[in-house]
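What follows is each chain in one-letter form.
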Amino acid sequence: MKAHTDTPPQTGGTVRIPIEGMTCASCVGRVERALSAVPGVLSANVNLATESAEVSIAEPSVRPELIRAIEATGYAVPRQTIVLAVDGMTCASCVGRVERALQAIPGVTEATVNLATEQATVEGTADVSTLIAAVAETGYIAREVSQQAGEDEGKTARKDAEQAALRRDLGLAAVLTLPVFLLEMGSHLIPGMHALIGSTIGHQASWLLQFALTSFVLAVPGLRFYTKGIPALLRGAPDMNSLVAVGTLAAYFYSVVATFASGVLPAGTVNVYYEAAAVIVTLILLGRYLEARAKGRTSEAIKRLVGLQAKTARVRRKGTVMEIPVADVAPGDIVEVRPGDRLPVDGEVVEGESYVDESMITGEPVPVAKSAGAQVVGGTVNQNGALAFRATAVDGDTMLSQIIRMVEAAQGSKLPIQALVDRVTMWFVPAVMTLAALTFGVWLIWGPDPALTFGLVNAVAVLIIACPCAMGLATPTSIMVGTGRGAEMGVLFRKGEALQLLKEARVVALDKTGTLTEGKPALTDLELVDGFDRAQVLSLVAAVEERSEHPIARAIVEAAQAEGAGSLPVEGFNSVTGYGVEATVAGTRVQIGADRYMRKLGLVIDVFDQTAERLGDEGKTPLYTAIDGKLAAIIAVADPIKETTPEAISALHALGLKVAMITGDNARTADAIARRLGIDEVVSEVLPDGKVEAVKRLKALGRLAYVGDGINDAPALAEADVGLAIGTGTDVAIEAADVVLMSGSLRGIPNAIALSQATIGNIRQNLFWAFAYNTALIPVAAGVLYPAFGILLSPVFAAGAMALSSVFVLGNALRLKRFAVPSPADAPARRWAAAPTVVPAE
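What comes next is a walk through the structure. (Residues numbered from 1 in each chain as written. Predicted model: local features only at pLDDT ≥ 70, side-chain atom pairs only at ≥ 80, totals over all residues. Heavy atoms only, no water.)

This next bit is on the overall build of the chain. Helix and strand counts for the chain come out as 30 helices and 30 strands. Taken over 842 residues, the chain has a buried fraction of 53%. Taking all contacts inside the chain whose residues are at least 6 apart in sequence as the whole, residues at least 24 apart take part in 69%. For the chain, the accessible surface area stands at approximately 35,700 Å², while carbon and sulfur atoms represent 57% of it. (Helix = DSSP H or I, 4+ residues; strand = E, 2+ residues; numbered from the N terminus. Buried < 20%, exposed > 50% of the residue type's maximum accessible area, 1.4 Å probe, protein only. Contact = heavy atoms within 4.5 Å. Areas by Shrake-Rupley, 256 points an atom, 1.4 Å probe, with all protein chains shown as cover.)

A separate point is a nonpolar patch on the surface. A surface patch of nonpolar side chains, about 460 Å² in accessible area, is lined by Val442, Leu444, Ile445 and Trp446. Within the secondary structure layout, Leu444 lies in helix 14 (residues 418-446). On the basis of relative accessible area, Leu444 is assigned to the partly exposed category, the value being 40%. (Patch = residues over 30% accessible without salt bridge, like charges linked within 9 Å, V, L, I, M, F, W, Y side chains within 5 Å. Salt bridge = Lys/Arg side-chain N within 4 Å of Asp/Glu carboxyl O.)

Here we take up the packing of helix 15 (residues 451-465) against helix 30 (residues 795-814). Packing of helix 15 against helix 30 brings their axes to within 8 Å, and their N-to-C directions diverge by 5°. In terms of axis orientation, helix 15 runs roughly parallel to helix 30. Seen from helix 15, the contacting residues are Val457, Val460, Ala461, Ile464 and Ile465; seen from helix 30, they are Pro795, Ala798, Ala799, Ala801 and Met802. Residues that form the contact of helix 15 with helix 30 fall into these classes: ten nonpolar, no polar and no charged. (Axes fitted to C-alpha atoms, helices over the stretch in contact; angles between N-to-C directions. Parallel < 35°, antiparallel > 145°, perpendicular 65-115°, else oblique. Nonpolar A, V, L, I, M, F, W, Y, C, P; charged D, E, K, R; others polar.)

When we look at burial in helix 25 (residues 691-698), the residues that qualify are Lys691, Ala694, Val695 and Leu698. Along the long axis of helix 25, the arc covered by the buried residues comes to 100°, so they all point the same way. Packing partners of the buried residues in helix 25 comprise strand 18 (507-511), strand 25 (658-662), strand 26 (681-684), strand 27 (704-708) and helix 26 (714-719). (Arc of directions from axis to C-beta.)

If you walk across this open sheet you meet the three strands as 1-3-2, and the pairing is antiparallel. The sheet is open, and its two borders are formed by strand 1 (13-18) and strand 2 (41-47), each paired with just one other strand. Strand-to-strand, the axes of this sheet are offset by a mean angle of 15°, without reference to chain direction. With respect to the sheet, helix 1 (residues 25-36) is in contact with strand 2 and strand 3 (52-57), its orientation differing from that of strand 2 by roughly 165°. Strand contacts of helix 2 (residues 63-72): strand 1, strand 2 and strand 3, with the helix running at about 35° to strand 1, the strand carrying the most contacts. (Pairing = 2+ DSSP bridges.)

Following the criterion strictly, the structure yields eleven aromatic pairs and no others. Between Tyr252 and Phe253, the aromatic rings sit 5.2 Å apart at their centres with planes inclined by 70°, giving edge-to-face as the arrangement. Overall, Phe253 belongs to the partly exposed group, its relative accessible area being 48%. One aromatic cluster is present, formed by Phe211, Tyr252, Phe253, Phe260 and Tyr274 through successive ring pairs. (Phe/Tyr/Trp six-rings, centres within 6.5 Å; stacked < 30°, edge-to-face > 60°.)

The volume enclosed by the second largest pocket comes to roughly 990 Å³. Lining the second largest pocket are 43 residues, with His550, Ile552, Thr621, Val637 and Ala638 positioned closest to its centre. Sorting the residues of the lining of the second largest pocket by element identifies helix 18 (512-516), helix 20 (551-562), strand 21 (580-585), strand 22 (588-593), strand 24 (630-638) and helix 24 (667-677) as the ones contributing at least two each. (1 Å grid on protein atoms, 1.4 Å probe; cavity = no way out; pocket = protein on both sides within 12 Å on 5 of 7 lines; lining within 4 Å. Points joined across faces, edges and corners; volume = space filled by probe spheres on them.)

Let us look at the sheet that holds strand 24. Strand pairing in a sheet takes place through backbone hydrogen bonds and is either antiparallel or parallel in direction. The sheet built from six strands is open, its strands ordered 19-24-23-22-21-20 with antiparallel pairing. Across the chains shown, the open sheet's two edge strands, defined by having one partner strand only, are strand 19 (522-528) and strand 20 (570-576). In this sheet, neighbouring strand axes are inclined to one another by 20° on average, regardless of whether the strands run parallel or antiparallel. Here six bridges tie strand 23 (residues 622-627) to strand 24, and the two strands are oriented antiparallel to one another. Of the residues in strand 24, the one forming a bridge with Ala626 is Leu631.

Negative charge collects at one region of the surface, where Asp606, Asp609, Glu613 and Asp617 lie side by side. On the secondary structure map, Asp617 appears in helix 22 (residues 609-617). (Lys, Arg positive; Asp, Glu negative; His and termini not counted. Charge placed at Lys NZ, Arg CZ, Asp CG, Glu CD.)

Applying the stated criterion across every chain yields a total of 24 salt bridges. A salt bridge links Asp333 to Arg317, with the shortest nitrogen-to-oxygen separation between them at 2.6 Å. Taken as a pair, Asp333 in the loop between strand 9 (320-325) and strand 10 (334-337) and Arg317 in strand 8 (residues 312-317) lie far apart in primary sequence, 16 residues in all. Residue classification places Asp333 among the buried residues on the basis of a relative accessible area of 12%. A salt bridge links Asp671 to Arg675; the nearest nitrogen and oxygen atoms lie 3.0 Å apart. In this pair, Asp671 and Arg675 both sit in helix 24, four residues apart, roughly one turn of the helix.

The following block contains the structure:
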């Protein structure tokens, strides 16, 4: 697996920029447009759920312009801390030179260099490659010190601080709003309360108290809406905060005029709406707080993956074993792990035997045996034995680090289905503000008395009900939860768009060797004539086949060794061209070959007719063995079908998909395997370089997902609509794929497709709710039901409904955390009416 990095190469690439302050889909559209307008930007993708931008650039020098463009739209790029290790410094002048070079870079707010630790700590928004290049120009060598765990902890701390601030402001707003609500709404809802207020504190004093409490609510806990919304409005780019700001300030200032200058208002319109402004702010803060909590839960998969990284490692150095930070482990170090330890880095076992729990990588719960020569993965857990292994991949090159980057990249991507959302939300907020103005005008001109009051209340309701938070969250939150759940199941979506494409797949094409099968010939059948012993026959046959390098011969030898057969002396080995082989083993004459060889020897093989027919139906070629001139056994060697293959194919059929097999086998053998497994379409006799053409032909049946594991599968993986690579395969295949099945189990294929279907279904539910909700309620808020039914939507209820919309979308997305793959047994049984279609390669 190749490492992926967010740091662009010097010739350009992709940069990831965190963004603070975005609250809705219109924010996303505005930032994307600002970034796309920067010269040198090839594409920009802004994600509300991850609060970041992925920008493809022609050259790294444009990064400062990107940050300035983001800040010019009214949003903030959080300053990051980068730690560089600097080699070659020897004195204080070296320190000064490096510091000055770093401080001169645009975007750097502070740079300090420490000679003792030989590290530079840089704060700001400059990217790592620019910092390293600046150090290199001064004559020193710099590299980034991995701070992944620290960065994650810092991000978590910021999110926790954000939640704490929202919780504090929500509590303060609720305490201050409650008296305002009771004083105003109580007068309308509770019999006798209006008269009670008038006879005690008086209505004017009540209004003054409401004014004071509401002013505090808007100026302290609600200040965030005005410091962001008003500037955005003045720039001609209103967002959700602008809608809230305009709506609440309209209600507030109308109430202020009614309180302190009632004479300027027409008769019958002197009313206050302090409770509307205060309750709207409180309810929207409640929605923001619930959103912050839910959004934190959408990224739990990444947090859990990061949490799997060990903090320290026991390394052999200078004749002793010392415990060092995992970031200091170097390739080639010998690392020791005790029972129960989490492996700190990837490596190859050099000593010891144990079982390792690799479920966090593969999703498979059964521990895997490890001994000398076995590969181990950082983040997995050693079980019951002590191991020592040589580190082969450390820091950001470990498989776990690459998985984290894959998941982050998938979570930050944008699906084709979101294009509609982007087009709509680009114009949504300006359209809502126009509708609010029209609503006010229509009520003012044609509404009943007090027309001014009706116009104000309904215009405010339109502004509040239409906040497009739910639209912006509908797609990215489902992607985050869905891809995170996939990682837990051992299914890695390398590209977010694979989620949508896989859901649309109609045909799954599978490479046979190494995908449907184990990829290694093995002894599958050995049946004996009465009077012969299995161990004796297998030992004699293996002794002869040990002289051959043919894969079939190697499979027989390995089977004998696995059953404890010892080495026997062989004499007179001879290969009979076109028939088989013969030799004398420990004084016993042994002859092995096809049926025609046995007939040539004058032996009758009718006793094995049924067995030979069965083997042929299973796509296996039988071999016969004669010992001292007598027929002794029938043997079959084949590439065995993986244990999980039949179950996976049944699961794919249960999902309504056609299954195709691409193989180099002849048509008869391919047909036999397809019949045995229930495969629908077969392309046989495919040469190694003919898989791409086979994939192109199968695409005529519908959108195609191709599954492979070898180097020669890479072109076919790229050609398919969606490529799925077996994670135990080659790096080349994995790099060409859209989805990686980490376990090597074919159960991952239906898992990935079912998860894709569930995630896209979840996104569609979210989008339907968000669009239908706004479409239905904006006219209601504008008052279209009033002439016929006398129904108006209070701004207070509009605020509650708006907050509920976002919470619904997030809650619906979080249901994917509980996704479980349906069992094929739950689906109706499928009967095949015809044999599979076998298509020889052209």
